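Here are the chains, one letter per residue:
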Amino acid sequence: MSGTDDSKGNGTKVVGAGRRPEWTQGIVSPPVWRASTILYDTVADMRAAGGRDTHHRLFYGRRGTPTQWSLAEALTELEPGAEATFLYPSGVAAVSAALLSVLSPGDELLLPDSAYDPTRSFANGFLARFGVTTRFYDPMIGGGIAELIGDKTRAILMESPGSLTFELQDVPAIVAAAKARGVTTLIDNTWATPLLFPVIERGVDLSILACTKYIVGHSDVMLGSVTAAPAHWEKLRDTSFALGQTASPDDAWLGARGMRTMAVRLKHHGAAALEIARWLETRPEVARVLHPALPSCPGHELFLRDFKGASGLFSFVLNGGTEAARAALIDGLELFGIGYSWGGFESLAIPIDPQRHRTVTRWEAEGLAVRLQIGLEDPADLIADLAAGLDRFRAAI
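Now for a quick tour of the structure. (Residues numbered from 1 in each chain as written. Predicted model: local features only at pLDDT ≥ 70, side-chain atom pairs only at ≥ 80, totals over all residues. Heavy atoms only, no water.)

## Section: the overall build of the protein chain
Line of reasoning, step 1. Of the regular secondary structure elements, the protein chain holds 14 helices and 12 strands.
Line of reasoning, step 2. Relative to the compact-globule value of 21 Å for 397 residues, the protein chain shows a C-alpha radius of gyration of 22 Å, a close match.
Line of reasoning, step 3. The dimensions of the protein chain, computed from C-alpha atoms along their principal axes, are 75 × 50 × 40 Å.
Line of reasoning, step 4. Split into buried and exposed, the 397 residues of the protein chain put 57% on the buried side.
Line of reasoning, step 5. A fraction of 74% describes how many contacts in the protein chain between residues 6 or more apart in sequence connect residues 24 or more apart. (Helix = DSSP H or I, 4+ residues; strand = E, 2+ residues; numbered from the N terminus. Rg over C-alpha atoms; globule rule 2.2 N^0.38 Å. Buried < 20%, exposed > 50% of the residue type's maximum accessible area, 1.4 Å probe, protein only. Contact = heavy atoms within 4.5 Å.)

## Let's talk about the nonpolar core
Line of reasoning, step 1. Among the nonpolar cores identified, the biggest contains 87 residues, and Ile156, Leu280 and Leu372 are the most heavily contacted of them.
Line of reasoning, step 2. Looking at this core element by element, the count peaks at 10 residues for helix 11 (residues 262-281).
Line of reasoning, step 3. Ignoring anything within four residues of it in the chain, the contact list for Ile156 reads Leu110, Tyr137, Ile145, Ile149, Ile174, Ala178, Val183, Thr184, Thr185 and Leu186.
Line of reasoning, step 4. Residues Ala123, Ala155, Leu206 and Phe241 belong to the second largest nonpolar core, which totals 30 residues. (Core = buried A, V, L, I, M, F, W, Y, C linked by side-chain atoms within 4.5 Å.)

## Examining the environment of Leu164
Line of reasoning, step 1. Its location among the elements puts Leu164 in the loop between strand 4 (153-159) and helix 7 (171-180).
Line of reasoning, step 2. On a C-alpha basis, the gap between Leu164 and Ala177 in space is 26 Å, while along the polypeptide they are 13 residues apart.
Line of reasoning, step 3. In contact with Leu164, not counting residues within four places along its chain, are Ser315, Ile352, His357 and Arg371.

## Focus on the sheet that holds strand 6 (residues 206-209)
Line of reasoning, step 1. A sheet is described by the order of its strands in space; here 7 strands give the open sequence 1-7-6-5-4-2-3, paired in mixed fashion. Edge positions in the sheet fall to strand 1 (84-88) and strand 3 (133-137), since each of these pairs with one other strand and no more. With direction set aside, neighbouring strand axes in the sheet form an average angle of 20°.
Line of reasoning, step 2. As judged from the 5 bridges shared by strand 2 (residues 108-112) and strand 3, these two strands associate in the parallel manner. Paired with Leu111 across the two strands is Phe136, which belongs to strand 3.
Line of reasoning, step 3. Sheet strands touched by helix 9 (residues 233-242): strand 1, strand 6 and strand 7 (224-228). Its angle to strand 1, the strand with the most contacts, is close to 20°. (Pairing = 2+ DSSP bridges. Axes fitted to C-alpha atoms, helices over the stretch in contact; angles between N-to-C directions.)

## Here's the deal with the pairing of strand 2
Line of reasoning, step 1. The element strand 2 is largely enclosed, with a buried count of 5 among its 5 residues.
Line of reasoning, step 2. As a crossover connection, the stretch from strand 2 through helix 6 (residues 117-129) into strand 3 is right-handed.
Line of reasoning, step 3. The sheet contact formed by strand 2 and strand 4 spans 3 bridges and is parallel. Pairing of Leu110 across the sheet is with Ile156, part of strand 4. (Right-handed = clockwise from strand over helix to strand, strands pointing away.)

## Quick look at unusual backbone geometry
The phi angle of most residues is negative, glycine excepted, and most peptide bonds adopt the trans form.
Line of reasoning, step 1. Omega for the bond connecting Ser160 with Pro161 falls within 30 degrees of zero, at 0°, which places this linkage in the cis form.
Line of reasoning, step 2. The topology assignment puts Pro161 in the loop between strand 4 and helix 7.
Line of reasoning, step 3. In this structure, Gln25 takes a positive phi of about 50° despite not being glycine.
Line of reasoning, step 4. Looking at the element boundaries, Gln25 is found in the loop between helix 2 (21-24) and helix 3 (43-50).
Line of reasoning, step 5. Phi is positive for Phe166, close to 65°, though the residue is something other than glycine.
Line of reasoning, step 6. As for its placement among the helices and strands, Phe166 is situated in the loop between strand 4 and helix 7.
Line of reasoning, step 7. By relative accessible area, which is 0% here, Phe166 ends up buried.

## As for the packing of helix 13 (residues 323-331) against helix 14 (residues 379-396)
Line of reasoning, step 1. Between helix 13 and helix 14, the least distance of the axes is 8 Å, while the angle of their chain directions is 155°. Considering their axes alone, helix 13 and helix 14 lie roughly antiparallel with respect to each other. Handedness of the helix 13/helix 14 crossing: right-handed. For the pair helix 13 and helix 14, contact is made by Ala325, Arg326, Ala328 and Leu329 and by Gly389, Leu390, Arg392, Phe393 and Ala396, respectively.
Line of reasoning, step 2. Across the contact of helix 13 with helix 14, the residue classes break down as 6 nonpolar, 1 polar and 2 charged. (Parallel < 35°, antiparallel > 145°, perpendicular 65-115°, else oblique. Left-handed = near helix turned anticlockwise from the far one by under 90°. Nonpolar A, V, L, I, M, F, W, Y, C, P; charged D, E, K, R; others polar.)

## Considering the packing of aromatic side chains
Line of reasoning, step 1. Evaluated as defined, the whole model comprises 9 aromatic pairs.
Line of reasoning, step 2. With centroids separated by 6.2 Å and ring planes inclined at 50°, the aromatic side chains of Trp23 and Trp69 adopt a geometry described as tilted. Here Trp69 lies in helix 4 (residues 66-77) and Trp23 lies in helix 2, a separation of 46 residues in the sequence. Exposure class is identical for Trp23 and Trp69. Each is buried. (Phe/Tyr/Trp six-rings, centres within 6.5 Å; stacked < 30°, edge-to-face > 60°.)

Printed below as a string of structure tokens:
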């Protein structure tokens, strides 16, 4: 890491991070360095290169070029206390590599019952075949997780908030319980990013981002990252090298370009989403709004304690209704697309059914639920679109 001043604001950090002079060479942003083969002057030079740390040295294209290194270093600079970051071709690839770097056959993983479905599928599928047992836990367990840590527990993964139902986890309490037993902690921090919740300085060992979301910000690149605390970097790097993981320089360049405006975008996403969430709370068709910044959301006190702000993703529960009525609401929206992912400039709406993804906790709700990604459109226009949608929902019941 190049050591960005942690006292600087988020906007300043994202503008300056990762821009080493040797990588930019006088250009504002590092250019796209595409490479597979790296040429050496002599056989001796080639052999010497293989014996050095190749993370920030040209060695072979899979090990990266200044384009990838620049983004990785920038993400590290956004996490005070971190050692380094590795890039991946998707968020799921980042989750998988992070877990494989700390788990071996016979180990146990603790995973929140609110976890992102592909993470859950990786645990129940690949990790199970690999000989790793997964134990799911209540995301609201807090320090009580100490009672679940056994002799074979090697890792605890957190996701705060959960990306469907938005329960916030007591990350410091879980980290403290884990450290007392020598257990590695990981967190999917995609919702908040390090700008809103710098988790490495809170003691988390590995911070995972689906950079596809707010880092890229434009719904046009698949990208992931894992940022490691000092004691965990080498194992993450070596595991990722062994798996052949790499992100293309073109995708890394687009990720870096998106990151430069992330602080500004997050402010709009957060303010607009909170305005819309508060409006939804006033509607009779809505039973509950699941937004961490609202006092009614589970874990709101943790949001006030730990987070510097909110992003643009949240859900709401309808008052009763049918599948057809929920579809009428969503299908007729003009400004909200229907599609997976989030964090881009455009707004999205999808139906969600959290009960399908629970095993140790029950999801009980007054009706069906909808998840919203609030983009960069004018909030008043989005509210008008949703008002018409709720009218359709009421008419279809």
